[in-house]
Amino acid sequence: MHRRKFLSLLGGAGLASAMGVTKSQAASGHSFNGYPDAMGVLHDSTRCIGCRKCEEACYQVNDLPKPEKEFKDLTVLDTKRRTDAKTYTVVNKYNTAGLEHPIFRKQQCNHCMEPACASACFVKAFTKNSDGSVTYNGDLCVGCRYCMIACPFSVPTFEYDDAFDPLIQKCTMCHPRIQEGKLPGCVEICPKEALTFGRREDLLGIARDRIRKYPDRYVKHIYGEHEAGGTNWLYLSGVPHTELGQIEVGKTSAPELTSGALGAVPMVVGIWPVLLTGAYAISKRKEKIAQEEKAEAVRATRESAQEEAEAALKAAMDKATKDKAAAVEREVKKAVAEAEKAFEEKLAAAQAPAGEADTGAGESPEEEA
C-alpha cells in the first residue's frame, strides 16, 4: 500500500476513535453530501488568459508577503508552481498537443464538500462552513500536519520558516468576505469572467449549459462535481483535466475510504488516537507548565525589584538624615564660635583702661597753645 494512502486511512480511522465519535462518518460509512445552499466557484480555463490578477487580489485580500517577482511579470508562468505558506493561489500554464495556444489553470484549495483535512484533524482545527468554504483555526492546531498528508490535492502548507508559532496556511475562499456579502477577491478582479461565484448547484447548471451549447469547446467533464466526494471549486476545460495537472482522485470522499480501515486494522486504530491524544495532552501540559513558570518568574522579578527599591529608598533616607544632622551640627558650632568671638571682643573693650579711652580728648587748651 502506498505510504500516503496508508497514513490517510490510518489517520482518518484514528480520528474517529480519538474524538469519541463512535459512530462517526468514517466508522459508519455514512457520507456527508455537503450543505445544500453552499457556495462555490467555477473556473473556466477556456476563458483564462493567465494575467495573474487573481494572484494579486489574493495577495492583497489576505495581506500576504510580497512575492519576489511582480504580478505583471508573466515569465513565472513558464515554471510549474504550487501553493505554499505565503501563496494561497497560483496560475500555471500548460501547452497541450493539438493546440497552438497555452491553457491556464488556477490552483488553490478546492474546498471539498467532505474535506479530508477536517476528517484527519483530531483537534478539529478545520471547519466546513455552510457557505462552502473550509477554514482553519490556528489556535487549536497542534502542528501534527496530518492534514497535509490527508489532502488528496496536496493543498495545506506549513510555515516551516516560522520557528515560534508555525501554522497551516491555505485558501479560505475569502470566507470573511463572503460573510460580508462580497465576492472572493480572485473572482471580483478577474477581467475575463473566467471565475464565477454562486451556489454550487447553480454553478453546475451553468457548466452543463456551456458544455451543451459549445460541445467543441469543452470536454464533457466538470472536474470537482464528483472528485473526492465533490468539491466547491469546479472546473471546465477544453482538454482532459489530467493534461492540466488535475489528478484523478476518484469519487469517494476520505471519510468513506477510512470506514473500511476501521474494521481492517482495529489494533492500529486503537493505538493511533492514543498516541495523538497523548501528544496533544503533553503539548498542552508543557504549555501550562511554561505559563506557570513564566508567571513565577514575573512574580519573583517583581518582588526582587520591590525589595531593591525599598533598600535603595532606606539607604537614601538614612544618608539624608545623617547629612541633615551633620549640617545642623556644623551650623551650631559656627554659631557658638561666632557668639564666643563677639563676647570676647566686648569683654576686651570693657576691660580696656579709661585713659586709653580718653587719649586726645582730655588735653587742656593751654597745653595746645
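Residues numbered from 1 in each chain as written. Predicted model: local features only at pLDDT ≥ 70, side-chain atom pairs only at ≥ 80, totals over all residues. Heavy atoms only, no water.

Caption draft 1: Inspection of the overall build of the chain at higher detail. Counting its regular elements, the chain contains 12 helices and 9 strands. Counting every position in the chain, which comprises 369 residues, the buried fraction comes to 37%. When contacts within the chain are restricted to residue pairs at least 6 apart in sequence, those whose partners lie at least 24 apart make up 62%. In the form shown here, the chain has an accessible surface area of approximately 22,100 Å², with 55% of it arising from carbon and sulfur atoms. (Helix = DSSP H or I, 4+ residues; strand = E, 2+ residues; numbered from the N terminus. Buried < 20%, exposed > 50% of the residue type's maximum accessible area, 1.4 Å probe, protein only. Contact = heavy atoms within 4.5 Å. Areas by Shrake-Rupley, 256 points an atom, 1.4 Å probe, with all protein chains shown as cover.)

Caption draft 2: Expanded view of the sheet that holds strand E8 (residues 195–199). Pairing is mixed in the open sheet, where 3 strands are placed in the order E8-E1-E9. Among the strands making up the open sheet, the edge pair consists of E8 and strand E9 (233–236). The mean angle between the axes of side-by-side strands here comes to 25 degrees, regardless of whether they run parallel or antiparallel. The strands that helix H8 (residues 200–213) touches are strand E1 (39–44), E8 and E9; relative to E8, the one it contacts most, it runs at about 130 degrees. (Pairing = 2+ DSSP bridges. Axes fitted to C-alpha atoms, helices over the stretch in contact; angles between N-to-C directions.)

Caption draft 3: Looking closely at the confidence of the model for the chain. The share of residues in the chain with pLDDT of 70 or more is 77%, and the mean pLDDT across the chain is 83. Scored below 50 in pLDDT, residues 1–29 shows 60 contacts in the model against residues more than four places distant or in partner chains. (pLDDT = per-residue confidence, 0-100.)

Caption draft 4: The arrangement of the pairing of strand E2 (residues 90–94) in detail. Among the 5 residues that make up E2, 5 are buried, leaving the element largely enclosed by the rest of the structure. Alternating positions in E2 separate into two faces, Val90, Asn92 and Tyr94 on one and Val91 and Lys93 on the other, with burial throughout.

Caption draft 5: Molecular detail of the pairing of E9. The alternating pattern of E9 places Trp233 and Tyr235 on one face and Leu234 and Leu236 on the opposite face, and all of these are buried. Alignment of E1 against E9, held across 4 bridges, turns out to be parallel. Looking at the pairing, His43 lines up with Tyr235 of E9.

Caption draft 6: Highlighting the pattern of salt bridges. Counted according to the given criterion, the structure contains 18 salt bridges. Measuring nitrogen to oxygen at the nearest pair gives 2.6 Å for the salt bridge that ties Glu55 to Arg81. Residue Glu55 is found in helix H3 (residues 53–61), and its partner Arg81 is found in the loop between H3 and E2; the two are separated by 26 residues along the sequence. For Glu55, a relative accessible area of 4% puts it in the buried group. Accessibility expressed as a relative area gives 21% for Arg81, which makes it partly exposed. Between Asp318 and Lys314 there is a salt bridge, and its shortest N-O distance comes to 3.2 Å. Of this pair, Asp318 and Lys314 both sit in helix H10 (residues 266–351), 4 residues apart, roughly one helical turn. (Salt bridge = Lys/Arg side-chain N within 4 Å of Asp/Glu carboxyl O.)

Caption draft 7: Main features of a nonpolar patch on the surface. Judged by side-chain polarity, Val328, Val332 and Val336 come together as a nonpolar surface patch covering roughly 230 Å² of accessible area. In this fold, Val336 is placed in helix H10. (Patch = residues over 30% accessible without salt bridge, like charges linked within 9 Å, V, L, I, M, F, W, Y side chains within 5 Å.)

Caption draft 8: Structural context of the state of the cysteines. Applying the stated criterion across every chain, the model contains 0 disulfides. The cysteine Cys121 is free of any disulfide, with Cys144 supplying the nearest cysteine sulfur at 6.1 Å. (Disulfide = S-S within 2.5 Å.)

Caption draft 9: Geometry of H3. Along H3, the residues classified as buried are Cys54, Glu55, Ala57 and Cys58. For H3, the buried positions fall inside an angular range of 165 degrees around the axis, keeping them on one side. Where the residues of H3 are buried, they touch E2, strand E3 (103–107), helix H7 (185–189) and E8. Looking one or two residues past H3, Asp63 carries a phi angle of roughly 55 degrees, positive in sign. (Arc of directions from axis to C-beta.)

Caption draft 10: Molecular detail of the packing of aromatic side chains. Scanning the model with the defined rule gives 5 aromatic pairs in all. With 5.3 Å between their ring centres and 45 degrees between their planes, Tyr59 and Phe71 make a pair best called tilted. Of this pair, Tyr59 sits in helix H3 while Phe71 sits in the loop between H3 and E2, placing them 12 residues apart in sequence. Residue Tyr59 is classed as partly exposed on the basis of its relative accessible area of 22%. Pairing Phe126 with Tyr136 gives two aromatic rings, centres 5.2 Å apart and planes at 45 degrees, and the pair type is tilted. Residue Phe126 is located in strand E4 (residues 126–128), and its partner Tyr136 is located in strand E5 (residues 134–136); the two are separated by 10 residues in the primary sequence. With relative accessibility at 7%, the residue Phe126 sits in the buried group. (Phe/Tyr/Trp six-rings, centres within 6.5 Å; stacked < 30°, edge-to-face > 60°.)

Caption draft 11: Summary view of the nonpolar core. Phe153, Leu195 and Trp233 are the most contacted members of the largest nonpolar core, which totals 29 residues. When residues of this core are traced back to their parent elements, those giving at least two are E1, H3, H7, E8 and E9. Every residue in contact with Trp233, bar those within four places of it in the chain, is listed here: Val41, His43, Lys106, Gln108, Cys109, Asn110, His111, Met173, Cys186, Leu195, Tyr223 and Gly224. Val134, Cys147, Phe158 and Ile168 belong to the second largest nonpolar core, which has 12 residues in total. (Core = buried A, V, L, I, M, F, W, Y, C linked by side-chain atoms within 4.5 Å.)

Caption draft 12: Looking closely at unusual backbone geometry. Notably, Cys174 is not glycine yet its phi reads approximately 55 degrees, a positive angle. Residue position: Cys174 is located in the loop between strand E7 (168–169) and helix H6 (175–179). Even without being glycine, Ala228 reaches a positive phi, approximately 55 degrees. Mapped onto the elements of the fold, Ala228 is located in the loop between H8 and E9. A residue is classified by how much of its surface remains accessible, and Ala228, at 6% relative accessible area, is buried.

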